[in-house]
Amino acid sequence: MQKGSKDNLEDQRSKRVLVIGGGIAGLTVAWELARLDVDVDLVEKSSFLGGYAIQFCCKATDECQKCGACSVEKRLLEVIQEPKITVHLKSELKRVSRNGRFPYTISRRPLCVDPQRCTNCGLCLEKCPAPEAIVRGYSKNNVPLYAVDETKCLYFRDESCRLCQELCPEKAIHLDQKPHHVSQEADAVVVASGFQPFDPVNRPRYGYGINRNLITALDLERMLREKGEVLRLSDNKAPERIAFIQCVGSRDHQLRHGFCSQVCCGYAMRMAEAIHYRHPEIKVAIFYIDIQNCGKSFSGFYERCKDNIRFVRFMPGDIFQGEGDQLVLCYANEQDGHAIREAFDLVVLSVGIMPGASNVGLADMLKIDLDKHGFLASADSLDDTCTSQAGIFLAGTAHGPKDIADSMAQAGRAAGKVAQYLQTIDGSNKQEDFTG
Amino acid sequence: MNTSVLVLGGRWTGIKAASELADLGYGVILVDDSTKLGGEASFDHFVSSNGDELSTLLDRVTAHEAVETLLSTKFVSLIGAAGGFRVRLQQDDKVFERSVGAVIVALEAETVSLAGKYGLHRAGNVLSQSEIEAVLAAAGEDKQLPGDGFKDIVFVVGLHEEENPLVMERTIRSALEIQVSDGCQATVLVNNVKLAEDGLEGLYKRSRKTGVLYFKLREQPQITQNGSNLRINFFDAVLHHNVELTPDVLVVEEAFRPHRAATCVAQVLGIDTDSEGFLQPDNVHFFPVRTNREGIYVIGSARRPCNLMHGWTDVENTVLEIRQLLGKDKKLVPAEKVKVHRGKCTLCLTCVRVCPHNAISWDNRAVISTVACQGCGICASECPMDAIQIVDYSDDQIEAQILTSMDKEVDGPRIIVFCCQNSAYEAAQMAQVFQMSAPAPNAFQTIKVPCAGKVDVDHILKAFQAGAEGVLVLACHKDNCKSQQGNTFAGWRVEDAKRMLSEVGLEEERLGFATIASNMPVEFVRITGEMEHKLNQLGPSRIRRQAAA
């Protein structure tokens, strides 16, 4: 094989794509585009790449449960090693216009930690006097691993503290950095701005926030990832009985959430299996409306789960305080309809995937549509990456609920669509060159 | 490298793949064993509601000069590796050969009626899902259903096996259509209503609002089919009493099954099927369309029941993969990952049998395809002649690493940890970055391997011989090995090595095997910590004691 025609290569090299969001979908789009020789600006609002998916735990028993959490780790590593991708952390899109290309401006909050100098020693986190003002990333592939949260940092409040900057043995911390704007032009835009998990405070009958042993599934993901085991927050002891409540925020027509989040049954069953495998003495029950499929060969997986997990087809309306720090669920016996009150040590709310907080702003800025639930709408029933605007594409949960595998697949498709689009704006539908 | 692509299966995902690749300038051979592209089935809502777009697509593919369409053609065999596959095809009794660089399997799933599974036989009042769809299509826009015998219609779905959103969508759509017809009542008996697909919850809700009744059962109802009389009995958990239905018509679900040729094609291609017979094992390393073999991809409902939208997402992902594999200025010379010592090879073909990627063939010695090889090293460790060496992970290099690690001063029992680069090595690094409390920081030494399947018994023994108090082999979890069997081979070798250790009087517990993922630093610390604890209890090994003496 020989290289393709020279001008073709140069055309490709001059192309830049703006990817909004550094979760698994954004990472995948960026990486696939880089593999196609396209330069990418990857804009991430938070201090760390990886989105929610990088916070998820491995749910393997003695065998892999195919949740895909480890593939996020791998993709993140690939992205940070890829020179064609420029990562902008703590950055948000402020303006975008259209002149054939997409001139845009992003605002960057100060990163404060110099990734080249930081050696991950963690002294800043250890010594910082303000709670949560220094935060650590979720993966070793988060670069830099530590970040300053300027909403909690004392320096950003009243310049009263520079301890981390003074202590840092590598002189990697610079608190006096100022927010600034970066202006660029892109040839295409991919919106991969993700979702937000349902906040159970919006279902007040559960009383989330009152009893510490009532947690969300996202809390459980982080706990399993960080500690490797499940503990009650009230006393740091292993729970004997755990209940998962499904469809918290999803399929809830009262809240106008007339959609299934598509991931909760999968993560709940997988986490329940992982917990059972490590601690068979812990009894797990899942309260549900309808069990949804996850992964391939679901029947077999579900059957195996039924051996270890109790499935109760009932949605408990209220959660009551029990003895000690226990939580009591009330549900009906499926055979005779009698009410049963059962105490659990830990209750996990399987919170659903809700439209991202930035969807409205992005839709407005980019002149693309929202669907009736507030997700970004695709404009083609056979292609969920297409928006109503040429050159603007969707990937991942910005468009609607998806698991990791589906987000990655849709992101791959978006990258392919961007590549096609970049060729059409050249006005010449160039083909790949081969010697055959 | 050959840049044409064989597409097996001429339904809508196959046609789409052919079209996309041809537009990029790849030659395409589109093969189907039926007499017509596109197939018959229109159950997929996406297919039935996008007729115009699909017929345009079909016209384009048929007219495209880069696409060679071979109908009534069977796929017979395949040899070679990515970039240079030789494929044999059969038309009637004529067998012929083609060369291609990559293969896409787009053999779409088939539907079967589950009437028999419900103890029913086909009759005028017992219809399959396809049959009711045909009736409804014939009824036309004004929804004139055929006569009085078509008023009270019951659907049974998901009560034989867990179905999926595709099956559910068909049921809900038909039930809704019936419900809006004059004087008709649709009732659905179902276990789990599968709605994990965009828009389905809304459709389900609408059908309920319109009056479709849903009963959720745990198991199949009792159904008596007696000529024109149908009687259905079950216990309803919401009403808490027995319910009897005597519908005019009973509609039985249809389940998705792999294409009839799937098993055969998988065998010929050397790729795996899952427990339901769909192609491509569910391995996260292959997301979404790759297989254990480089250059062979599985798309659409060949890999799991899916609608056209998701099938076409697979198409785009495959096109990306093919551009990387065969496209311009990519992999001009794939890096050599493995070397065969032709003087040592005795052509025992062990490597050919164990290679999970079908990368090995032979002339008068084993030949390993640089394109197909993934560098896992399973062959190198299984080769009885040590004739295969992995670049960067040769036996000498690994042994040198073991010996070098012994120079380090340690303040605890010395542990060598062989780490698969895809999981344990990442977890070890993560534990280090997060400064998790590991065993005495310099007491263990990680040795990175491309796959746990590369860890030889020799390496393990060498480590003990050189002075290690304990050895750990850490692999990926079952079904998570990028080379499928690497973790299994590693487990076997550890068992072998344990036997050898006990023969020379070393405690078996000094050698451990565990599975782990890249995002489990805590688990890494736990495993190494447990090994350290065990070794402290056992005290210095016999070899160390002798060396000390």
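A quick note: this is a predicted structure, and the numbers were derived from the prediction, not measured.

A. Up close: the overall build of chain A. Along its length, chain A carries 11 helices and 20 strands. Over its C-alpha trace chain A gives a radius of gyration of 24 Å, about what one expects of a compact globule, namely 22 Å for 436 residues. Here chain A holds 436 residues, and 50% of them are scored as buried. Counting contacts in chain A only where the partners sit at least 6 residues apart, residues at least 24 apart contribute 67% of the total.

B. Seen up close, the interface of chain B and chain A. Each side of the interface is counted separately: chain B has 64 residues, and chain A has 66 residues. Of all the secondary-structure elements, those providing two or more residues to the side of chain B that touches chain A are helix 6 (200–210), helix 8 (308–326), helix 12 (424–433) and helix 15 (521–538) of chain B. Top contributing element to the side of chain B that touches chain A by residue count: helix 8 of chain B, with 11 residues. A class-by-class count of the residues in the side of chain B that touches chain A yields 24 nonpolar, 19 polar and 21 charged.

C. Highlighting unusual backbone geometry. For the bond running from A:Val143 to A:Pro144, omega is -10°, close enough to zero to count as cis. In this structure, B:Pro288 follows B:Phe287 across a cis peptide bond, with omega equal to -20°. Looking at where B:Pro288 falls in the secondary structure, it is placed in the loop between helix 7 (262–269) and strand 18 (296–298). If you check the backbone angles, A:Glu132 has positive phi at about 60° while not being a glycine. Relative to the helices and strands, A:Glu132 resides in the loop between helix 4 (123–127) and strand 6 (134–136). The exposed category is assigned to A:Glu132, around which 11 C-beta atoms lie within 10 Å. The phi dihedral of B:Gln435 is positive, around 50°, even though this residue is not glycine. Position of B:Gln435 among the secondary structure elements: in the loop between helix 12 and strand 24 (444–449). Overall, the presence of 12 C-beta atoms within 10 Å leaves B:Gln435 in the exposed class.

D. Looking closely at helix 6 of chain B. Residue and element names in this part refer to chain B. Those residues of helix 6 lying buried are Leu200, Glu201, Tyr204 and Ser207. Down the axis of helix 6, the sector holding all buried residues measures 125°, keeping them to one side. Packing partners of the buried residues in helix 6 comprise helix 5 (165–179).

E. Layout of the nonpolar core. Counting 258 residues, the largest nonpolar core has A:Val190, B:Val7 and B:Leu474 as the members making the most contacts within it. Among the elements that make up this core, the one with the highest residue count is helix 11 (residues 404–425) of chain A (10 residues). Apart from residues no more than four positions distant in its own chain, A:Val190 is found in contact with A:Val17, A:Val19, A:Ile20, A:Val29, A:Phe393, A:Ala395, A:Ala414 and A:Val418. Judged by nonpolar contacts, the second largest core, of 38 residues, contains A:Phe259, A:Cys260, B:Val167 and B:Met168.

F. The arrangement of the domain arrangement of chain B in detail. All names here are of chain B. Assigned domains of chain B: these are domain 1 (5–108 + 258–326), domain 2 (112–256), domain 3 (339–390) and domain 4 (395–548). Contacts between domain 1 and domain 4 engage 4 residues on the former and 4 residues on the latter. Class assignment for the residues of the side of domain 1 that touches domain 4 results in 1 nonpolar, 3 polar and no charged.

G. Representation of helix 3 (residues 69–80) of chain A. With 12 residues, helix 3 of chain A ought to run about 16 Å at 1.5 Å a step, and its terminal C-alpha atoms sit 17 Å apart, in line with that. Within helix 3 of chain A, the full set of buried residues consists of A:Ala69, A:Cys70, A:Ser71, A:Val72, A:Glu73, A:Arg75, A:Leu76 and A:Val79.

H. Geometry of the domain arrangement of chain A. Residues and elements named next belong to chain A. By domain assignment, chain A separates into domain 1 (6–109 + 179–194 + 356–425) and domain 2 (198–352). Taking the mean C-alpha position of each, domain 1 and domain 2 sit 32 Å from one another. Tallying the contact residues gives 14 residues for domain 1 and 18 residues for domain 2. A class-by-class count of the residues in the side of domain 1 that touches domain 2 yields 5 nonpolar, 4 polar and 5 charged.

I. Spotlight on the packing of helix 13 (residues 457–466) of chain B against helix 14 (residues 486–503) of chain B. Residues and elements named next belong to chain B. Taken N-terminus to C-terminus, the directions of helix 13 and helix 14 make an angle of 45°; their axes are 9 Å apart at the nearest point. Relative to helix 14, helix 13 is oriented oblique. As helix 13 runs across helix 14, the sense of the crossing is right-handed. Counted together, Val457, Ile460 and Leu461 of helix 13 and Arg493, Asp496, Ala497 and Met500 of helix 14 form the full contact between these two elements. Per-class residue counts for the contact of helix 13 with helix 14 are 5 nonpolar, no polar and 2 charged.

Rules behind the numbers
Residues numbered from 1 in each chain as written. Chains lettered and ligands numbered in written order. Predicted model: local features only at pLDDT ≥ 70, side-chain atom pairs only at ≥ 80, totals over all residues. Helix = DSSP H or I, 4+ residues; strand = E, 2+ residues; numbered from the N terminus. Rg over C-alpha atoms; globule rule 2.2 N^0.38 Å. Buried ≥ 20, exposed ≤ 12 C-beta atoms within 10 Å, placed from the backbone. Contact = placed C-beta atoms within 7 Å. Nonpolar A, V, L, I, M, F, W, Y, C, P; charged D, E, K, R; others polar. Arc of directions from axis to C-beta. Core = buried A, V, L, I, M, F, W, Y, C linked by C-beta atoms within 7 Å. Domains from an automatic or database assignment. Expected span 1.5 Å × (residues − 1). Axes fitted to C-alpha atoms, helices over the stretch in contact; angles between N-to-C directions. Parallel < 35°, antiparallel > 145°, perpendicular 65-115°, else oblique. Left-handed = near helix turned anticlockwise from the far one by under 90°.

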